[in-house]
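This is what each chain is made of:
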Amino acid sequence: MKTADAPRTPYSAAKRKQVLDAIYDAAIVEFSLHGPKGASTQGIAERAGISKQHLHYYIDSKEALYAEVMRRAITRWGKGITLAGKHADPVEAISALIRSKLDFALDFPQESRLLTNDVLSGGTFMAPLWKQWTARRRKAALVVERWISTGLIQPLDPILFMFHLWALTQYYADYESQVRAIMGVKDGQPLDRERIVAEVTTFVLRGCGLDPASVKIEG
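Remember, it's a predicted structure, so these values are computed and weren't measured experimentally.

**Focus: the overall build of the chain**
Here comes step 1: A tally of regular secondary structure across the chain gives eleven helices and zero strands.
Here comes step 2: Walking the chain from its N terminus toward its C terminus, one meets helices and strands in the order α-α-α-α-α-α-α-α-α-α-α.
Here comes step 3: The buried share of the chain, reckoned over its 219 residues, is 42%.
Here comes step 4: Carbon and sulfur atoms make up 54% of the accessible area of the chain, which totals about 12300 Å².

Spelled out as structure tokens, the structure:
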């Protein structure tokens, strides 16, 4: 995004932030619907409520805007992808991770789909980060292995466990239209977050041999 060049029409810092937020929100919608190649700056400008010319006062290029949108989405998503640094108790740790992942999926479904589409197209933005997350993955695996060795949870593959947990939670973003159609929830209406969190948490904890009755589901 441009930082040095300001629009010819003078804006306060608050107004500039407002316009930039509108651009980011519009870009997320356009990129999630059409991908980085199919999305147009005209479409982004229209969604943001500004002219295409005005848009280019704020961005260097569509590619730069896409990179910034992806950077922000990855940062937000990455905060809750592993058990590393979570509570020592497996019920609390697993429940907290499920809540974190479902909050992201339900609060930011379009960003979630952007990340999924990037992985499906080869991981242009995500792949370079996989090596960086290796240390976090190892810490998470050690946590799960310690739970297994001390008899706190049933034996399972720590890495595959994380994959399965991600898949369960990611589904509600990547297949949001299917979820809404089957559950009878119209666009614009919120999905039943606590029902989803409770069901996924119960399912996962029981699979680990844990008692979900001790979990306080409400956020």
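**Things to note about helix H6 (residues 109-120)**
Here comes step 1: If you check H6, its first and last C-alpha atoms are 16 Å apart, about what twelve residues at 1.5 Å a residue would give, namely 16 Å.
Here comes step 2: All of the buried residues along H6 are Pro109, Glu111, Ser112, Arg113, Leu114, Leu115 and Asp118.
Here comes step 3: Against the buried residues of H6 lie helix H1 (13-38), helix H4 (62-78), helix H5 (90-107), helix H9 (158-174) and helix H10 (176-183).
Here comes step 4: Phi turns positive, to about 120°, at glycine 122, one or two residues after H6.

**Let's talk about the packing of aromatic side chains**
Here comes step 1: Inspection of the entire model under this criterion finds seven aromatic pairs.
Here comes step 2: Ring geometry for tyrosine 66 versus phenylalanine 125: centroids 5.3 Å apart, planes at 80°, classification edge-to-face. Of this pair, tyrosine 66 sits in helix H4 while phenylalanine 125 is found in the loop between H6 and helix H7 (127-132), placing the two residues 59 residues apart along the sequence.
Here comes step 3: Phenylalanine 125 gets classed as partly exposed once you look at its relative accessible area, which sits at 26%.
Here comes step 4: Both rings, one in tryptophan 77 and one in tryptophan 166, keep their centres 6.3 Å apart while their planes meet at 65°; by these two values the pair is edge-to-face. Taken together, the residues tryptophan 77 in helix H4 and tryptophan 166 in helix H9 connect sequence positions 89 residues apart.
Here comes step 5: Since its relative accessible area comes to 10%, tryptophan 77 is described here as buried.
Here comes step 6: Residue classification places tryptophan 166 among the partly exposed residues on the basis of a relative accessible area of 24%.
Here comes step 7: Among the aromatic side chains, those forming a connected cluster through ring pairs are Phe31, Tyr66 and Phe125.
Here comes step 8: If you follow arginine 72 out to its NZ or CZ, it ends over the ring of tyrosine 24, 3.6 Å from the centre.
Here comes step 9: Here arginine 76 stacks its cationic end above the ring of phenylalanine 108, 4.0 Å away from the centre of that ring.

**Observations regarding the pattern of salt bridges**
Here comes step 1: One pass over the full model with this rule turns up ten salt bridges.
Here comes step 2: One salt bridge connects aspartate 21 with lysine 17, and the closest N-O pair in it is separated by 2.8 Å. Highlighted residues: aspartate 21 and lysine 17, both in helix H1, separated by four residues, approximately one helical turn.
Here comes step 3: Taken together, the shared-partner salt bridges in this structure form one network comprising Glu68, Arg71 and Arg72.

**Description of the packing of H4 against H6**
Here comes step 1: Axis separation between H4 and H6 bottoms out at 10 Å; the angle between their running directions is 105°. For the element pair H4 / H6, the angle class is roughly perpendicular. Between H4, through Tyr66, Val69, Met70, Ala73, Ile74, Arg76 and Trp77, and H6, the contact on the second element is made entirely by Glu111, Leu114, Leu115 and Asp118.
Here comes step 2: Taken together, the residues of the contact of H4 with H6 sort by class into eight nonpolar, no polar and three charged.

**Quick look at the nonpolar core**
Here comes step 1: Ile23, Phe31, Leu65, Val69 and Leu115 are the most contacted members of the largest nonpolar core, which has 29 residues in total.
Here comes step 2: Of all elements in the fold, only H1, helix H2 (41-48), helix H3 (52-58), H4 and H6 reach the threshold of two or more residues within this core.
Here comes step 3: Looking at this core element by element, the count peaks at eight residues for H1.
Here comes step 4: Once residues lying within four places of it in the same chain are set aside, the contact partners of leucine 115 are Met70, Ala73, Ile74, Trp77, Phe104 and Met126.

**Here's the deal with the side chain of aspartate 118**
Here comes step 1: Tracing the backbone shows aspartate 118 in helix H6.
Here comes step 2: Although aspartate 118 is buried, it forms no salt bridge, and the closest oppositely charged side chain is lysine 37 at an N-O distance of 11 Å.
Here comes step 3: In terms of polar contacts, aspartate 118 uses its side chain to reach the backbone amide nitrogen of methionine 126, at 2.9 Å.
Here comes step 4: Not counting the four nearest positions on each side in its chain, aspartate 118 is found in contact with Tyr66, Met70, Gly123, Thr124, Phe125 and Met126.

**A look at H1**
Here comes step 1: In this model H1 runs just 32 Å from its N-terminal to its C-terminal C-alpha over 26 residues, more than 12% under the 38 Å that 1.5 Å per residue would give.
Here comes step 2: The largest bend along H1 reaches roughly 85° and is located at serine 32, with the proline proline 36 sitting one to four residues downstream.

What counts and what doesn't
Residues numbered from 1 in each chain as written. Predicted model: local features only at pLDDT ≥ 70, side-chain atom pairs only at ≥ 80, totals over all residues. Heavy atoms only, no water. Helix = DSSP H or I, 4+ residues; strand = E, 2+ residues; numbered from the N terminus. Buried < 20%, exposed > 50% of the residue type's maximum accessible area, 1.4 Å probe, protein only. Areas by Shrake-Rupley, 256 points an atom, 1.4 Å probe, with all protein chains shown as cover. Expected span 1.5 Å × (residues − 1). Contact = heavy atoms within 4.5 Å. Phe/Tyr/Trp six-rings, centres within 6.5 Å; stacked < 30°, edge-to-face > 60°. Lys NZ or Arg CZ within 6 Å of the ring centre and 35° of its normal. Salt bridge = Lys/Arg side-chain N within 4 Å of Asp/Glu carboxyl O. Axes fitted to C-alpha atoms, helices over the stretch in contact; angles between N-to-C directions. Parallel < 35°, antiparallel > 145°, perpendicular 65-115°, else oblique. Nonpolar A, V, L, I, M, F, W, Y, C, P; charged D, E, K, R; others polar. Core = buried A, V, L, I, M, F, W, Y, C linked by side-chain atoms within 4.5 Å. Lys, Arg positive; Asp, Glu negative; His and termini not counted. Polar contact = N/O pair within 3.5 Å; in protein donor to acceptor, adjacent residues only side chain to side chain. Bend = angle between axes of the 7 residues up to and from the residue.

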